[in-house]
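# Analysis of the macromolecular model
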Amino acid sequence: MKIARIEAIPYAIPYTHPLRFASGEVHTADHVLIRVHTDDGIIGTADAPPRPYTYGETQTSIRTIVQDIFGPQVIGLDIFDREKVRQVMDRTIHNQVAKGALDIAIWDAIGQAVKTPVHKLLGGFTDSMRVSHMLGFRPAEELLEEALRFGEQYGITTFKLKVGRRPLALDIEACRVLREGLGENVEIYLDANRGWTANEAMEVLRQTEDLGLTMLEEPCDAKETLSRKRLVERSPIPIVADESVPTAGDVSRELLSGGANAICIKTARSGFTEATEILGLCTGLGVDVTMGNQIDTQIGSLATVTFGAAHQATTRKAGELSNFLDMTDDLLADPLVIKDGRIFVRNVPGVGAGIDETKLAHYRQD
Ligand code: MUC
Ligand code: MG
């Protein structure tokens, strides 16, 4: 079964309100829908969210790399020969989100070809994940209102708070208001998206020690090697590497240099193939993992839960699976549902990302 054609369709769907964080902000999901067609009519689907402030990719660069660089080299390859596809992608450095989406679309096609759900092919551990919701920069009272609403409406009891602002008191205050308003049984962890220095992060940890925060993600740039190592050694909670670790090689570097002691896995930038390697590396070394959100649509979130629910280690913590709730619309024909704080995988061949063609026609930009 051969790859016959690849589509990279740019589209734009507005957000209900912007998501703001230390490295950037998102007002519109200006993503690229990747479709891999096989010669016998199967279509594998994945979503590519460009994050220029994180990896340097744009909607245009993702389309170009998929259509002009990867496309001509993978068309004609057998859909099952993933290592050959990988060899093609390895010849071009970076472009992690373009590579991740092509990999996921191929897995989706493989699942359909063998008439098996991809979560079963990947590991089949369970059928759902607990959901963690990401809270962007907002006044503390609005953050609390949003968290309470998500708890009430969707049963979500885990929140990741975006931090990394100056003065530090802004974020310390937000942590305090959330903890006091949400009570002791709600999990709160932080993500600074490199907004602070390692020493500023240490100061925030010192001033929030009584608040029961569980993790701090990407506190500073990983290039601050020595200060970050010192932070990891002294921090009472795990320091999670996110944007510093899109590949398995990056994970090795951060863990072995002492730059992190937990790892965020994102299928949007690692695909299922490299995410599997990253997970193996982390479980082998005895390091905790989280399933992160690349500010994903429902298609991206479905990919995340497909991978996350497939493995034991990725289900220990809540996965970041809810940010599509901030979008005005989505392309997934059968919408994702968050109920009692959980999202379920789809027991259909492939990943189950059926597209609403009318919506795609409306939102596509080519
Ligand atoms: C996150 O976990 O950092 C924000 C920027 C990005 O690349 O991903 C998001 C969420
Ligand atoms: Mg992060």
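Residues numbered from 1 in each chain as written. Chains lettered and ligands numbered in written order. Predicted model: local features only at pLDDT ≥ 70, side-chain atom pairs only at ≥ 80, totals over all residues. Heavy atoms only, no water.

What follows deals with the pattern of salt bridges. A complete count under the given rule lists 30 salt bridges for this structure. A salt bridge links Glu 357 to Arg 35; the shortest N-O distance between them is 2.4 Å. Of this pair, Glu 357 sits in helix α13 (residues 357-363) while Arg 35 is found in strand β2 (residues 24-38), placing the two residues 322 residues apart along the sequence. As a salt-bridge pair, Asp 340 and Lys 339 come within 4.0 Å of each other at their nearest N and O atoms. This pair shows no difference in class: Asp 340 is exposed, exactly as Lys 339 is. (Salt bridge = Lys/Arg side-chain N within 4 Å of Asp/Glu carboxyl O. Helix = DSSP H or I, 4+ residues; strand = E, 2+ residues; numbered from the N terminus. Buried < 20%, exposed > 50% of the residue type's maximum accessible area, 1.4 Å probe, protein only.)

Let us look at the coordination of the magnesium ion (ligand 2). Ligation of the magnesium ion (ligand 2) by protein atoms is provided by Asp 191 (OD), Glu 217 (OE) and Asp 242 (OD), these donors lying 2.0 to 2.1 Å from the ion. Mapping the donors of the magnesium ion (ligand 2) onto the primary sequence yields the spacing D-x25-E-x24-D. With Glu 217 in strand β7 (residues 216-217) and Asp 242 in the loop between β8 (239-241) and α10 (248-256), this residue pair connects regions lying 25 residues apart in the sequence. The exposure classification of Glu 217 matches that of Asp 242, with both residues buried. (Donors = N, O, S within 2.8 Å, 3.2 Å for Na, K, Ca; no water.)

For the rest of this paragraph, the subject is the environment of Leu 102. Along the chain, Leu 102 turns up in helix α4 (residues 96-113). Here Leu 102 falls in the buried class, since its relative accessible area comes to 0%. Between the C-alpha atoms of Leu 102 and Lys 266, which are 164 residues apart in sequence, the distance is 14 Å. Among residues more than four places away in sequence, those in contact with Leu 102 are Ile 6, Ile 34, Val 36, Phe 70 and Met 89. (Contact = heavy atoms within 4.5 Å.)

Glancing now at the side chain of Thr 92. Position of Thr 92 relative to the elements: it lies in the loop between α3 (82-90) and α4. Residue Thr 92 is classed as buried on the basis of its relative accessible area, which comes to 17%. Beyond its immediate stretch of four places on either side in the chain, Thr 92 contacts Ile 65, Ile 69, Phe 70 and Lys 99.

What follows deals with the domain arrangement of the protein. Once the domains are mapped, the protein shows domain 1 (3-115) and domain 2 (120-344). One C-alpha centre belongs to domain 1, the other to domain 2; they are set 23 Å apart. Tallying the contact residues gives 34 residues for domain 1 and 41 residues for domain 2. Summing both partners gives a buried area of about 3100 Å² for domain 1 against domain 2, and 65% of it is carried by carbon and sulfur. With a shortest N-O distance of 2.8 Å, Glu 277 and Arg 86 are connected by a salt bridge. Scanning the region where domain 1 abuts domain 2 turns up 15 residue pairs in polar contact (both at pLDDT 80 or more). Residue assignment for the side of domain 1 that touches domain 2 shows that the elements contributing at least two residues are β1 (3-21), β2, β3 (43-48), α1 (52-55), α3 and α4. Of the residues that constitute the side of domain 1 that touches domain 2, the class distribution is 20 nonpolar, 8 polar and 6 charged. (Domains from an automatic or database assignment. Buried area = accessible area lost by both parts, 1.4 Å probe. Polar contact = N/O pair within 3.5 Å; in protein donor to acceptor, adjacent residues only side chain to side chain. Nonpolar A, V, L, I, M, F, W, Y, C, P; charged D, E, K, R; others polar.)

The next subject is the pairing of strand β10 (residues 288-291). Across 4 bridges, the pairing between strand β9 (residues 262-265) and β10 is parallel. Residue pairing across strands places Ala 262 opposite Asp 288, the latter belonging to β10. For the crossover from β9 across helix α11 (residues 267-285) to β10, the handedness is right-handed. (Pairing = 2+ DSSP bridges. Right-handed = clockwise from strand over helix to strand, strands pointing away.)

The next thing to look at is the state of the cysteines. All told, the structure shown has 0 disulfides when counted by the stated rule. Not engaged in a disulfide, the cysteine Cys 175 finds its nearest cysteine sulfur in Cys 220; these two sulfurs lie 17 Å apart. Relative accessible area serves as the criterion here: at 0%, Cys 175 is assigned to the buried category. The structure places no disulfide on Cys 282, whose sulfur is separated from the nearest cysteine sulfur, that of Cys 264, by 10 Å. Exposure remark for Cys 282: the relative accessible area of 0% places this residue in the buried category. (Disulfide = S-S within 2.5 Å.)

A separate point is α3. Of all the residues in α3, the buried ones are Val 85, Arg 86, Val 88 and Met 89. End-on view of α3: buried residues confined to an arc of 155°, all on one side of the axis. Of the exposed residues in α3, those oriented more than 90 degrees away from the buried face are Glu 83 and Asp 90. (Arc of directions from axis to C-beta.)

The next thing to look at is the packing of aromatic side chains. Going through the model one piece at a time under the given rule, you end up with 4 aromatic pairs. On the basis of an interplanar angle of 70° and a centroid distance of 5.6 Å, the ring pair of Phe 21 and Tyr 53 is categorised as edge-to-face. Of this pair, Phe 21 sits in strand β1 while Tyr 53 is found in helix α1, placing the two residues 32 residues apart along the sequence. Ring plane angle 20° and centroid distance 6.2 Å describe the contact between Phe 272 and Phe 307, whose orientation is recorded as stacked. Highlighted residues: Phe 272 in helix α11 and Phe 307 in helix α12 (residues 298-310), separated in sequence by 35 residues. (Phe/Tyr/Trp six-rings, centres within 6.5 Å; stacked < 30°, edge-to-face > 60°.)

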